[in-house]
Amino acid sequence: MRGNLKNIVWTILFLFLITSTALLTYLHFFAAGDKDLSGNWITKPDMTKQAAVTALSWLQDIDAVSVSLEDMEAYMQGLTIEVNLTLDQTADSEGTFHCNVLPESYDACNQAAYEAFAAAFRDLLLERLRMAGYTGGTDDETIEMLVTETFGMPTVSYLMSCAPELLPPLEDLQAQYDGSGAYITSEGMLIRQYDAEGQAVTKTESYIRKDSKLVLTEETDSGYLPTIYILQQSQNQ
């Protein structure tokens, strides 16, 4: 089962790479660029895949009724956090930046993930009850009452306390995205120098701007499957 899950994840990553490469190729050759990156930019990293894989792995560990990754993703749709990036060009090809994860969006995404997980858990519990000959009520309220009676707490609370964290910790995401400092642009590269105490932290990304979209591509250490962010310019300028 775990081998099949790994194959599914790698297939999805491969398809993502193909799609992302096609998008970047189109923007690079057919989209007119804009060197002035000033503005408030928003990207919404998708947390659905990680949440679904984590939930599925836990269900398999407790020997729950068979469920696929596609089933879990059908419950967990549109799980995103919001990352804000502000760029202010102060001179030709240089300026300042500030980037942060919106904590409210993280809290909302985390709550939505566990509510979706709870819905899947109740459906799987109902399936197992039916296999055991259960003939009682099958509506969500009845199943929720059964969960509360069995575990002493609502489904969402039970999963939050017993199941793994569905999202990366907020602190880890803040370490990945948050920061401010100065930037320069050169030959399609955005180089951000972070203000850090006692150490120099630099992030280098290739960029393409087309109207209200900004695509940033950061190569991984292994050189495989670069991280691609597609940012939308905020209308509240």
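In what follows, the structure referred to is the one given above.
Remember, it's a predicted structure, so these values are computed and weren't measured experimentally.

A. Up close: the nonpolar core. Ranked by internal contacts, the top residues of the largest apolar core, which has 48 residues, are Met72, Met76, Phe117 and Leu159. Ranked by residue count, the leading element in this core is helix 4 (residues 103-131), at 10 residues. Once residues within four sequence positions are removed from consideration, Met76 is found in contact with Thr48, Ala51, Ala52, Ala55, Ala113, Ala116, Phe117 and Leu166.

B. How the structure looks around unusual backbone geometry. In this structure, Glu187 is a non-glycine residue whose phi angle is positive, near 50°. Position of Glu187 among the secondary structure elements: in the loop between strand 4 (179-186) and strand 5 (189-194). Positive phi values are uncommon outside glycine, yet Asp211 reaches one of about 55°. A relative accessible area of 54% means that Asp211 is categorised as exposed.

C. Representation of the environment of Asn84 within the structure. By the secondary structure assignment, Asn84 is in strand 2 (residues 83-91). Between the C-alpha atoms of Asn84 and Thr43, which are 41 residues apart in sequence, the distance is 6.7 Å.

D. Main features of the packing of aromatic side chains. Under the criterion given, the structure shown has 8 aromatic pairs. Centre to centre, the rings of Phe97 and Tyr194 are 5.0 Å apart; their planes meet at 80°, and the pair counts as edge-to-face. In this pair, Phe97 sits in strand 3 (residues 94-101) while Tyr194 sits in strand 5, placing the two residues 97 residues apart along the sequence. Across the pair, exposure class does not vary: Phe97 and Tyr194 are buried alike. With centroids separated by 5.8 Å and ring planes inclined at 75°, the aromatic side chains of Tyr177 and Tyr229 adopt a geometry described as edge-to-face. Linking Tyr177 in helix 7 (residues 170-177) with Tyr229 in strand 8 (residues 227-233), this pair joins segments that are 52 residues apart in sequence. Tyr177 gets classed as buried once you look at its relative accessible area, which sits at 9%. Taken together, the ring pairs in this structure connect Trp58, Phe117, Phe121, Phe151 and Tyr158 into an aromatic cluster. Over the aromatic face of Phe97 sits the side chain of Arg192, whose NZ or CZ is 5.3 Å from the ring centroid.

E. Expanded view of empty space enclosed by the protein. Summed over the entire model, instances satisfying the criterion amount to 1 cavity of 30 Å³ or more. When its volume is computed, the largest cavity comes out at roughly 90 Å³. Lining the largest cavity are 13 residues, with Cys99, Tyr177, Arg192, Leu216 and Tyr229 positioned closest to its centre. Considering only residue class, the lining of the largest cavity consists of 8 nonpolar, 2 polar and 3 charged.

F. A look at the pairing of strand 2. Of the strand pairs in this sheet, strand 1 (residues 39-43) and strand 2 are connected by 5 bridges, and their pairing is antiparallel. Looking across to strand 2, one finds that Gly39 is bridged to Leu87. Where strand 2 meets strand 3, 8 bridges bridge the pair, whose relative direction is antiparallel. From the neighbouring strand, Thr86 faces strand 3, where its bridge partner is His98.

G. How the structure looks around helix 5 (residues 140-151). Between its first and last C-alpha, helix 5 extends 16 Å over 12 residues, near the 16 Å set by a 1.5 Å rise per residue. Those residues of helix 5 not exposed but buried are Ile143, Glu144 and Val147. Considered in projection along helix 5, the buried side chains sweep an arc of 105° and stay on one side of the axis. Seen from the buried face of helix 5, the exposed residues on the opposite side, beyond 90 degrees, are Glu141 and Glu149. As for helix 5, its buried residues are in contact with helix 4 and helix 6 (155-162). Gly152 sits one or two residues past helix 5 and shows a positive phi near 80°.

Definitions and limits used
- Sequence order as written defines the numbering, with residues in each chain counted from 1.
- Reporting of local features is limited, given that this is a predicted model, to residues whose pLDDT is at least 70; pairs of side-chain atoms are given and counted only at 80 or more, and all residues count toward the totals for whole chains, interfaces and linings.
- Here the side-chain values reflect all heavy atoms present in the structure, with hydrogen atoms and water set aside.
- Only buried residues count toward a nonpolar core, which is a set of Ala, Val, Leu, Ile, Met, Phe, Trp, Tyr and Cys residues joined through side-chain atoms within 4.5 Å.
- A 1.4 Å probe rolled over the protein chains alone gives each residue an accessible area, and that area as a share of the maximum for its type sets the label: buried under 20%, exposed over 50%, partly exposed in between.
- In this text, helices come from DSSP runs of H or I with a minimum length of four residues, and strands from runs of E with a minimum of two, each type numbered from the N-terminal end.
- The contact criterion used is simple: two residues touch if any of their non-hydrogen atoms lie within 4.5 Å.
- To pair, rings of Phe, Tyr and Trp, with the six-membered ring standing in for Trp, must have centres within 6.5 Å; the planes then decide the type, stacked if under 30 degrees apart, edge-to-face if over 60, and tilted in the middle.
- Placement of a charge over a ring requires the Lys NZ or Arg CZ to be within 6 Å of the ring centre, with the centre-to-atom vector within 35 degrees of the ring normal.
- Grid spacing is 1 Å over the protein atoms alone, the probe is 1.4 Å, and a cavity is where that probe fits but cannot get out, while a pocket is an open set with protein on both sides within 12 Å along at least five of seven lines and lining residues have an atom within 4 Å of a point.
- Grid points are joined across faces, edges and corners, and a volume is the space filled by probe spheres set on the points.
- Classes in brief: Ala, Val, Leu, Ile, Met, Phe, Trp, Tyr, Cys and Pro nonpolar; Asp, Glu, Lys and Arg charged; the others, Gly included, polar.
- Note on pairing: two strands pair once DSSP finds at least 2 bridges between them.
- One fewer than the residue count of a helix, multiplied by 1.5 Å, yields its expected span.
- Note that the arc is defined by the directions from the helix axis to the C-beta atoms.

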